[in-house]
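Structural overview for review
If you want the building blocks of each chain, they are given just below.
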Amino acid sequence: MAEKTKILIIGGTGLNIGKLLVEASANSGHPTYVLVRESTVSDPVKGEILENFKNLGVKLLNGDINNHESLVKAIKQVDVVICAVGLMQMADQVKIISAIKEAGNIKRFFPSEFGIDADSAYEISVEPAKSVVFGVKNQVRRAIEAEGIPYTYVSCHYFAGWFFPSLLQPGATTPPRDKVIILGDGNVKGVYNKEVDIATYTIRAVDDPRTLNKILHVRPPKNIVSFNEVVAIWEKLIGKTLEKTYIPEEQILKDIQELPFPDSVFLSLNHLHFVKGDHFNFEIKPSFGVEASKLYPDVKYTTVEEILTQFV
């Protein structure tokens, strides 16, 4: 039996998606490696995560995205590199691209995307997200393609853990029970995915020739809903009708201009998602993309209603 693909995850201790990618890789039987900085080892919170990784059989490799020699050394030990660095390190992925090129052995690179599709979003987004998020992601994409590195870009749209705990209500830590503020008219469709499902789909794509040099869109049919539909599901679950306040686009754009960084980035992302409808301004053409729930129908993804039920 052939040995399973060796996977290196950079940004593997990140709480949003990195940690889940490591766990999904290890649980799928892949020899799994995580690039670890010295400062991470001494961090008490991250240290606990690393201990859990060790218990799963994950190998920790000392290295740093800013240390070319350590990057190349780590990359030479694996077949696939998955990057899950955060927003402020997105541009640094050119250093990973350089190391992958020098190593010369990587069969697939998954850059840190895990959100709204950068190419389609760039044209309709507003600043600062246009430059800070999508401009940078597109620069990374073009660098990968220019170097001829095999890739898969994962476009999973909105993280469930970012939206559902508060439904974006200011200062809230649980979904509202009396009043709800809705961005735009509430009718624009969006896609929401539980982070563990995103990790599962990503690892499934690692060896799949159908995802090679393609965008893997994660659009499970039951998770394609509008803000109004999310609120309606929540109202059904709690048995109560909420008082609704709708924020028009003009006000959202004004607020983006007035908010400090990075709050302005997040609101400009929400403007794209809830007002412009970033997820459905294009169709997934076979020439550039595939859809995860169609490729892997055996994966039981978590539906929007199931996600909301945990907050009842």
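Position numbers for residues start from 1 in each chain and track the written sequence from start to end. Per-residue local features are limited, in this predicted model, to residues with pLDDT of at least 70; the limit for side-chain atom pairs, both in listing and counting, is 80 or more; totals at the level of whole chains, interfaces and linings are taken over all residues. Excluding hydrogens and water, the side-chain figures rest on all heavy atoms present in the structure.

**Digging into the packing of aromatic side chains**
Each aromatic ring pair is described using two quantities: the centre-to-centre distance and the angle formed by the ring planes. This is how the line gets drawn: In this analysis, rings of Phe, Tyr and Trp, with Trp reduced to its six-membered ring, are considered paired at centre separations within 6.5 Å, and the interplanar angle assigns stacked below 30 degrees, edge-to-face beyond 60, and tilted for intermediate values. Strands are runs of DSSP state E lasting at least 2 residues, helices are runs of H or I lasting at least 4, and numbering of each runs from the N terminus. Think of it in three bands: residues with accessible area under 20% of the maximum for their type are buried, residues over 50% are exposed, and the middle band is partly exposed, with areas taken using a 1.4 Å probe on protein chains only. Geometrically, a charge over a ring is one whose NZ (Lys) or CZ (Arg) sits within 6 Å of the ring centre while staying within 35 degrees of the ring normal.
Under the definition given, this model contains 12 aromatic pairs. For the pair Trp162 and Phe266, a centre-to-centre distance of 6.3 Å together with 50 degrees between the ring planes defines the contact as tilted. Within this pair, whereas Trp162 is found in helix α8 (residues 160-163), its partner Phe266 is found in helix α12 (residues 263-276), the two being separated by 104 residues in sequence. When its relative accessible area of 35% is taken as the criterion, Trp162 is described as partly exposed. Within the aromatic cluster, the residues linked to one another by ring pairs are Tyr158, Trp162, Phe163, Phe164, Tyr192, Phe227, Phe266 and Phe274. The ring of Tyr122 has Lys130 lying over it, and the distance from NZ or CZ to the ring centre is 4.3 Å.

**As for the side chain of Thr152**
Heads up, the rule is: In protein, a polar contact requires one atom able to donate a hydrogen and another able to accept it; more generally it is a pair of N or O atoms within 3.5 Å, and residues adjacent in sequence count only if both atoms are side-chain atoms.
Position of Thr152 relative to the elements: it lies in strand β6 (residues 152-155). A polar atom in the side chain of Thr152 sits 2.8 Å from the backbone oxygen of Thr211.

**A few points about the sheet that holds strand β1 (residues 7-10)**
For the record, the criterion: Here the rule is simple: two strands pair whenever DSSP picks up at least two bridges between them. Between N-to-C directions, angles span 0 to 180 degrees; the directions come from axes that are lines fitted to C-alpha atoms, helices contributing only their stretch in contact. Contacts are assigned to residue pairs that have any heavy atoms within 4.5 Å of one another.
If you trace the five strands from one edge of the open sheet to the other, you get β3-β2-β1-β4-β5, paired in parallel fashion. Only two strands of the sheet have a single neighbouring strand rather than two, namely β3 (59-62) and β5 (108-110). For this sheet, the mean inter-axis angle between neighbouring strands, taken without regard to orientation, is 20 degrees. Across four bridges, the pairing between β1 and strand β4 (residues 80-83) is parallel. Bridge assignment links Leu8 to a residue of β4, and that residue is Val81. Most of the contacts of helix α1 (residues 18-27) go to β1, to which it runs at about 170 degrees, and overall it touches β1, β2 (32-36) and β4.

**Here's the deal with the layout of surface pockets**
Keep this limit in mind: Using only the protein atoms, space was sampled on a 1 Å grid; points where a 1.4 Å probe fits but cannot get out form cavities, open sets with protein on both sides within 12 Å along at least five of seven lines form pockets, and lining residues are those with an atom within 4 Å of a point. Grid points are joined across faces, edges and corners, and a volume is the space filled by probe spheres set on the points. Any residue that is not Ala, Val, Leu, Ile, Met, Phe, Trp, Tyr, Cys, Pro, Asp, Glu, Lys or Arg is counted as polar, Gly included; the first ten are nonpolar and the last four charged.
Estimates place the volume of the largest pocket at around 1000 Å³. As for the largest pocket, its lining consists of 40 residues, of which Asn16, Ala84, Val85, Gly86 and Leu87 are closest to the centre. Of all the elements in the fold, those that place two or more residues in the lining of the largest pocket are β2, α7 (129-146), β7 (158-159), α8 and α12. As a volume, the second largest pocket reaches approximately 330 Å³. Along its surface, the second largest pocket is lined by Trp162, Leu168, Pro170, Ile181, Leu183, Ile247, Ile252, Asp255, Phe266, Leu267 and Asn270. For the lining of the second largest pocket, the secondary structure elements donating two or more residues are β8 (179-183), α11 (249-258) and α12. Looking at the lining of the second largest pocket element by element, the count peaks at three residues for α12. For the lining of the second largest pocket, a count of residues per class yields nine nonpolar, one polar and one charged.

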